[in-house]
Amino acid sequence: MCGIFGYIGEKEAIPFILEGLKKLEYRGYDSAGVATLEKGQLFVTKCLGKIQQLEEELSQKPIGGQIGVGHTRWATHGKPSQPNSHPHQDCTGKIAVVHNGIIENYLELRRELANKGHHFSSTTDTEVIAHLIEENYDGDLLQALAKSLKQARGAYALAIISEHTPNSIIIARQGSPLIVGFGAEESFISSDIAAMLKYTNKIIQLENGQIGRLTPKTFKLFDLELTPIKKRKELVSWDPQSAEKSGFAHFMLKEIHEQPSAIRNTIEGRIKAQDHIIHFDELNLTDKEICRINRIVFTACGTSWHAALIGEYLFEQFAKIPAEVEYAAEFRYREPIIDDKTLVIAITQSGETADTLGAVWEAKVQGAKVISICNVVGSSIARESHGVVYTNAGPEIGVASTKAFTTQLAIVYLLAILFGKRHGFINEQQSIGLINDLIELPGKLEQTLQVEKEVERIAEKLHKANNALYLGRGKGFPIALEGALKLKEVSYVHAEGYPAAEMKHGPIALIDHKMPVIVLALAGRRYEKILGNIEEVKARGGIVIAIASDKEPAIMEKADEIIFIPKTSESLSPILAVVPLQLLAYYIALKRGCHVDQPRNLAKSVTVE
Ligand code: AGP
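Predicted model only: the values in this text are computed from it and were never measured. (Residues numbered from 1 in each chain as written. Predicted model: local features only at pLDDT ≥ 70, side-chain atom pairs only at ≥ 80, totals over all residues. Heavy atoms only, no water.)

Colleague: Report on the domain arrangement of the protein chain, specifying residues and quantitative values.
Modeller: Entries for the protein chain in the domain assignment read domain 1 (3-242), domain 2 (254-447) and domain 3 (449-591). For domain 1 versus domain 2, the separation of C-alpha centres amounts to 34 Å. For the pair domain 1 and domain 2, the summed buried surface comes to about 1200 Å²; carbon and sulfur atoms form 53% of the total. Per-residue buried area on domain 1 facing domain 2 is highest for Tyr26, Trp238 and Ser242; these three make up 43% of the total on that side. On the surface where domain 1 and domain 2 come into contact, there are 2 salt bridges. At the junction of domain 1 with domain 2, the criterion picks out 2 residue pairs in polar contact (both at pLDDT 80 or more). (Domains from an automatic or database assignment. Buried area = accessible area lost by both parts, 1.4 Å probe. Salt bridge = Lys/Arg side-chain N within 4 Å of Asp/Glu carboxyl O. Polar contact = N/O pair within 3.5 Å; in protein donor to acceptor, adjacent residues only side chain to side chain.)

Colleague: Outline empty space enclosed by the protein, listing residues and values.
Modeller: The method is simple in principle: a probe with the dimensions of a water molecule rolls over the atoms, and the space it marks as empty is what remains. Under the definition given, this model contains 3 cavities of 30 Å³ or more. The calculated volume of the largest cavity comes to roughly 200 Å³. Forming the boundary of the largest cavity are 20 residues, of which Tyr26, Arg27, Asp192, Ser350 and Val376 lie nearest the centre. In the lining of the largest cavity, the residues fall into 9 nonpolar, 6 polar and 5 charged. Residue contributions to the lining of the largest cavity reach at least three from each of two domains, namely domain 1 (3-242) and domain 2 (254-447). The residue inventory of the lining of the second largest cavity, partitioned by class, reads 3 nonpolar, 7 polar and 2 charged. (1 Å grid on protein atoms, 1.4 Å probe; cavity = no way out; pocket = protein on both sides within 12 Å on 5 of 7 lines; lining within 4 Å. Points joined across faces, edges and corners; volume = space filled by probe spheres on them. Nonpolar A, V, L, I, M, F, W, Y, C, P; charged D, E, K, R; others polar.)

Colleague: Break down the site of the ligand for me, citing the residues and quoting the values.
Modeller: Surveying the vicinity of the ligand reveals 13 residues, the closest of which are Ser304, Gln349, Ser350, Thr353 and Glu489. One of the side-chain nitrogen or oxygen atoms of Thr353 is found 2.4 Å away from an oxygen atom of the ligand. Here an oxygen atom of the ligand and a backbone polar atom of Ser401 are 2.8 Å apart. Coverage of the ligand by the protein amounts to 91% of the 410 Å² it exposes when considered alone. Here the ligand occupies the largest pocket. Listed by contribution, the elements that provide at least two residues to the shell around the ligand are helix H9 (302-319) and helix H16 (476-491). Among the elements that line the shell around the ligand, the one with the most residues is H9, at 3 residues. Each residue belonging to the shell around the ligand can be placed in one class, and the counts come to 3 nonpolar, 8 polar and 2 charged. (Near = heavy atom within 4 Å. Areas by Shrake-Rupley, 256 points an atom, 1.4 Å probe, with all protein chains shown as cover. Sits in = over half its atoms within 2 Å of the grid points. Helix = DSSP H or I, 4+ residues; strand = E, 2+ residues; numbered from the N terminus.)

Colleague: Please provide a residue-by-residue account of the packing of aromatic side chains, values included.
Modeller: Evaluation of the coordinates by the stated rule reveals 12 aromatic pairs. Among the aromatic side chains, those forming a connected cluster through ring pairs are Phe5, Tyr7, Phe16, Phe188 and Tyr199. Against the face of Phe182 rests Lys233, its NZ or CZ located 4.5 Å from the ring centre. The aromatic ring of Phe564 is capped on one face by Lys551, whose charged end is 5.0 Å from the ring centroid. (Phe/Tyr/Trp six-rings, centres within 6.5 Å; stacked < 30°, edge-to-face > 60°. Lys NZ or Arg CZ within 6 Å of the ring centre and 35° of its normal.)

Colleague: Could you give me a rundown of the UniProt feature "domain: SIS" (unreviewed entry) in the protein chain, with the residues and numbers involved?
Modeller: Within this numbering scheme, the UniProt entry marks residues 286-425 and 458-599 as carrying the feature "domain: SIS" (unreviewed entry). Annotated as residues 286-425, this span is 47% helix and 20% strand, and its ends, taken at the C-alpha atoms, are 18 Å apart. Counting secondary structure, residues 458-599 comes out at 42% helix and 20% strand; the distance between its end C-alpha atoms is 22 Å. (UniProt positions renumbered as here; feature names shortened; annotations may be inferred.)

Colleague: How would you summarise the sheet that holds strand E18 (residues 295-300) if you had to cite specific residues and measurements?
Modeller: Reading across from one edge, E19-E18-E20-E21-E22 is the order of the 5 strands in this open sheet, with parallel pairing throughout. Looking at which strands have only one partner, the edges of the open sheet turn out to be strand E19 (323-327) and strand E22 (387-390). Each adjacent strand pair in this sheet contributes to an overall mean axis angle of 20 degrees, direction not counted. Sheet topology note: the E18/E19 ladder contains 5 bridges and is parallel. Pairing of Val297 across the sheet is with Glu324, part of E19. Strands in contact with H9 are E18, E19 and strand E20 (342-348); relative to E19, the strand with the most contacts, it is inclined by about 170 degrees. Running over the sheet, helix H11 (residues 354-365) touches E18, E20 and strand E21 (369-374) and is turned about 165 degrees from E20. (Pairing = 2+ DSSP bridges. Axes fitted to C-alpha atoms, helices over the stretch in contact; angles between N-to-C directions. Contact = heavy atoms within 4.5 Å.)

Colleague: Please set out helix H7 (residues 259-267) residue by residue, giving values where relevant.
Modeller: Residues of H7 that are buried include every one of Gln259, Pro260, Ala262, Ile263, Thr266 and Ile267, and no others. In a view along the axis of H7, the buried residues occupy a sector of 165 degrees, so they form one face of it. Tucked inside the fold, the buried residues of H7 contact helix H6 (251-257), strand E16 (271-272), helix H13 (403-422), helix H14 (428-448) and helix H19 (573-591). Looking at the residues trailing H7, positive phi occurs at Gly269, about 80 degrees. (Buried < 20%, exposed > 50% of the residue type's maximum accessible area, 1.4 Å probe, protein only. Arc of directions from axis to C-beta.)

Colleague: Give a detailed account of the pattern of salt bridges, specifying residues and quantitative values.
Modeller: Pairing between side chains becomes possible if they bear opposite charge and their charged atoms approach one another. For the coordinates displayed, the defined rule picks out 36 salt bridges. We note a salt bridge from Glu19 to Lys198, for which the minimum N-O separation is 2.6 Å. Residue Glu19 is found in helix H1 (residues 13-24), and its partner Lys198 is found in the loop between strand E10 (187-190) and strand E11 (202-205); the two are separated by 179 residues along the sequence. Using a relative accessible area of 28% as the deciding quantity, one classes Glu19 as partly exposed. Since its relative accessible area comes to 46%, Lys198 is described here as partly exposed. The partner of Lys364 in a salt bridge is Glu384, with the nearest N and O atoms 3.3 Å apart. One end of the pair, Lys364, is in helix H11; the other, Glu384, is in helix H12 (residues 380-384), and 20 residues separate them in sequence. Under the relative-accessibility criterion, Glu384 is labelled partly exposed at 24%.

Colleague: Any details on the layout of surface pockets? Residues and values, ideally.
Modeller: When its volume is computed, the largest pocket comes out at roughly 460 Å³. Lining the largest pocket are 25 residues, with Cys301, Gly302, Thr303, Lys604 and Val606 sitting closest to its centre. Broken down by secondary-structure element, the contributors of at least two residues to the lining of the largest pocket are H9, E20, H11 and H16. Of the residues belonging to the lining of the largest pocket, the class tally is 9 nonpolar, 11 polar and 5 charged.

Set out below in structure tokens:
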């Protein structure tokens, strides 16, 4: 949560910072602020509201300087307000701090600092850092920060500018992401790579426990004992265009449309066309280790958790390995029983979700092998795992996850085939068939996207409903959950996803003529059962919107609306079936006047517990 962007160089800092913050707004958008240093003097502007408000304030009362840091906030400690927005300052007004994370012992620190005479202007946890630095300052700001961080407990990405060091930005990281980007005679700091891609693809990601000093031409990195650390710059291969809307009204819509190419990128290089061998460069598991694994535990949050549910079905089906799915936050505190034959698979788009990261740590402590399926290269979870498979979906900016989900499903599918082969349950011929199905999928996704107009028409019909039920069986059930989550997130309509058979055990009481029921009527052995569930809904007056691949008479008769998707295998149908549900959520949200890319109360990366 919260986004940090900073600039140091020869140009005016504010335009860079505002543009960077706009790209980071998905991380939080309840208040924003900037601090710059001009001729050695510190200037701070901050306000309640989005970056646009900040931009307006700055156009009324500009501040200059070639060094600056900015922040977009998602409130955790202290309600959204002008005093609680970042940057926070010390008593002298010479130090400005922006922070992403939570200082857990801030109350205790605040009491101690107040007893020493420090005056606090906000109710945030962050402000203690500014006062701690002030307290510890003895002619070297970096030293003062290192000393302060030994007193603070919690998670942070921090960027500090000060009149004490008018030519540098001091930064630190523990648990929350922070990246330094290097241009010609200028440098940037950012909470994610995408926000600085326009300026540079040469980066260094800070590791936990690192602190650094950035000047326009130099960057020095240390641990908290101030021992210098050498770290090579990495080159990021993302295309800068992928972080722009490229003519789409919203990132969410753009990312829905990117799914065919995203899946192509996911597959590329992983399957050798001639022999259909699956290989993942960074998986870090030998064939022998794969064969030893006798249990899979998936752990994730939100949409990634839904991908894990599909993973559970696929691993049991293809590899016959018992699999289960755990909410990361529950798993990490539940004293899970796992051992060195358990493979824990963490699924995460951002690679920074605090609960998933905690689950990875817990699994490692318990002796499990941990791999992650991750979109952001070099993210915390990717680095903390023993092995990683990147989804290669490109930056996902829309808060509602779309292409990250479908690419996660493609990876889970390939992993399940790989494990199935190693465990002797899938032979060469079967593997070739399954892989060919996946190779054909991007083309089928392109066809699926052609339902857009049809979905928009249905959205017009449904957008005033205040509730919706999503039903599915088998692999359609996680898609029902995902469809409901998408609708809740972007349109604020109450929606529930259910295994269709469970409907009669309670939710059926909700059905009346006003209740839209979206049914995943996917081809396969459960199809007839689903038709039965549709009957049950219709008998109670509900409105049925079916997602189906077969134009067969029974469904044509029973459903009020049908959205057809192309035929594919039962195991890949979730990837196609979710697309109309993403579009439905998008168009209902638009018609309800909701802010699709920045839904209220949400942030893209949930880096707090
Ligand atoms: C998805 O639409 C959500 N915004 C959210 O549920 C998300 O999937 C969840 O926070 C997990 O994020 P991660 O994949 O980055 O770990």
